[in-house]
Amino acid sequence: MSAADLSSVREVNFDGLVGPTHNYSGLAVGNVASMNHGGLVSNPKEGALQGLLKMKSLMDAGYAQGVLPPQQRPDIGALRDLGFSGSNGEVLARASKEAPQLLRAVCSASSMWTANAGTITPSIDAPDSRGHFTPANLQSSFHRYLEPQTTGRVLKAIFRDEQHFCHHPVLPATPAFSDEGAANHTRLCGEHGEPGVHLFVYGRQAFGDVRSGEREPKRYPARQTLEASQAVARQHGLTEAQTVFSQQHPDAIDAGVFHNDVIAVGNGPVLLYHEMAFLDEEGTLDELRTKMASPLIPVRVPLEAVSMEDAVASYLFNSQLLSNPDGTMTLVVPGECQEREAVWRTIQDYLLAGNNPISEVVVKDVKQSMRNGGGPACLRLRVVLTEAERAALSGRVLLTNALYTDLTAWVERHYRVRLAPDDLADPQLAEESLAALDELTQLLKIGPVYPFQLG
Ligand code: SUG
């Protein structure tokens, strides 16, 4: 890659649009917010507008911002596969009566959390100098298992240019290869355009003897396996020198940390993490230091400063850590961080005042998403791109003022302000949702990606 190309490298955050069926169904085991808020009435319009406002304000602050469409929901095809038949209205009515938990699952707007859409290796680190993509199988829950096929089509529609981008198959959707995507993957480097080291964090090992000292969570499931992380690294052509595989602390999973991005966030050379993030903290840091070309800057938050309960409730570590041109970094935290005194104090006295590049904290209200356990970092998929790669993107997916205006008007036109669990069986909701999505693919110029468009 030429020097000019290298210096043009930027991280683009692709946020997932909150879909028209956003609701609270308590579907995610091990995700404390989702489990606590199941049954609440949601406000899809507010959720979508909160997400768009976050995107807009980061774009206004100079960060490159992209957008990804939601999925086709309710997934009536999935209900038909499970034996429900008749008209769409009949399928919804029968599912609502006989298996309400299935209806709730096929209505989830969970694709908004694009940190789980897949894992991406930027061209800088790949042997063939192309960006590599693997959609996550999300096999650990039924409602998320429904996402990868459409996710793959969306990623292929946007990152279409084969000269620049390469797409891999979803890993086998079986517990041994349980994969939750970029939420358990962090690329550490100097500048974004310099070679990176890929930190893959897993919750359990599926095959072989459990290594000495390794333990598994007892209360909640470990959603990522070592084997899945290794397979993704292999697909992308990453070598041993470029990868670090680290086990997540099982006690953290049992406290509600269902993804690594609920307890750690990295950007450039900075790794902001809680003391309880890794089972082998020292070993993980040592390996990163050995493999990285630039010095690692670990920012460790001890348990005595932020309890696990505070970490999980505030989502401090599910912040976005963004690079500024002057070398400083901005931390984008959810509003819940202000509600927990110990967390807010830690941000002020420890993170901002500490000897590290974090120089600014920006608070964002993404409450509609937070009630389902999705903070600012869950809502975005990071893609590091050169200028040439950005120019090669298909569709109208990089946020501009005009796109923001169009998307806001689209939400205002199509979204409801109230969705209670009983509303999910309403056939009108399904029709509204399809009409909205059909218009969205035209607005984003990505072509047909949804089952109803493909026939
Ligand atoms: O998989 N919640 C999602 C939240 C995902 C957050 N993503 C990251 N940490 N990157 C999950 O647990 C809840 C849906 C419901 O209950 O209705 C849900 O799927």
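Residues numbered from 1 in each chain as written. Predicted model: local features only at pLDDT ≥ 70, side-chain atom pairs only at ≥ 80, totals over all residues. Heavy atoms only, no water.

S.K.: It is not clear to me how empty space enclosed by the protein should be interpreted in this structure. Could you clarify?
M.R.: Gaps left between atoms show up when a probe the size of a water molecule is rolled over them. If you walk through the whole model with that rule in mind, you get 6 cavities of 30 Å³ or more. Within this model, the largest cavity holds a volume of roughly 300 Å³. Forming the walls of the largest cavity are 22 residues, and the residues nearest its centre are Glu 11, His 185, Thr 186, Arg 187 and Arg 382. Put simply, the parts of the chain that give the lining of the largest cavity at least two residues each are β6 (185-188), β9 (264-267) and β15 (380-385). Considered class by class, the residues forming the lining of the largest cavity number 11 nonpolar, 6 polar and 5 charged. Here the second largest cavity defines a volume of roughly 180 Å³. What lines the second largest cavity is a set of 21 residues, and nearest its centre among them are Ala 28, Asn 31, Trp 113, His 143 and Asn 372. When grouped by side-chain class, the residues that make up the lining of the second largest cavity number 6 nonpolar, 13 polar and 2 charged. (1 Å grid on protein atoms, 1.4 Å probe; cavity = no way out; pocket = protein on both sides within 12 Å on 5 of 7 lines; lining within 4 Å. Points joined across faces, edges and corners; volume = space filled by probe spheres on them. Helix = DSSP H or I, 4+ residues; strand = E, 2+ residues; numbered from the N terminus. Nonpolar A, V, L, I, M, F, W, Y, C, P; charged D, E, K, R; others polar.)

S.K.: Mind showing me how you'd approach the site of the ligand here?
M.R.: Taken together, 22 residues sit near the ligand, with Leu 27, Ser 34, His 143, Asp 261 and Cys 378 positioned nearest. Within the contact set of the ligand, an oxygen atom lies 2.9 Å away from a side-chain nitrogen or oxygen of Arg 223. With respect to the ligand, the side chain of Asp 261 contributes an N or O atom lying 2.8 Å from a nitrogen atom. In isolation the ligand exposes 490 Å². Once the protein is present, 99% of that is buried. Assessed atom by atom at 2 Å from the grid points, the ligand resides in the second largest cavity. (Near = heavy atom within 4 Å. Polar contact = N/O pair within 3.5 Å; in protein donor to acceptor, adjacent residues only side chain to side chain. Areas by Shrake-Rupley, 256 points an atom, 1.4 Å probe, with all protein chains shown as cover. Sits in = over half its atoms within 2 Å of the grid points.)

S.K.: Got a minute to help me understand the sheet that holds strand β11 (residues 297-301) in this structure?
M.R.: Sheet strands line up and pair through hydrogen bonds in the backbone, either parallel or antiparallel. Strands sit in the order β9-β10-β11 across an open sheet of 3 strands; the sheet is mixed. In this open sheet, the two strands that pair with only one neighbour each are β9 and β11. Neighbour-to-neighbour, the strand axes of the sheet open up by a mean angle of 10 degrees, direction not taken into account. Direction of pairing for strand β10 (residues 270-274) relative to β11: parallel, over a ladder of 5 bridges. (Pairing = 2+ DSSP bridges. Axes fitted to C-alpha atoms, helices over the stretch in contact; angles between N-to-C directions.)

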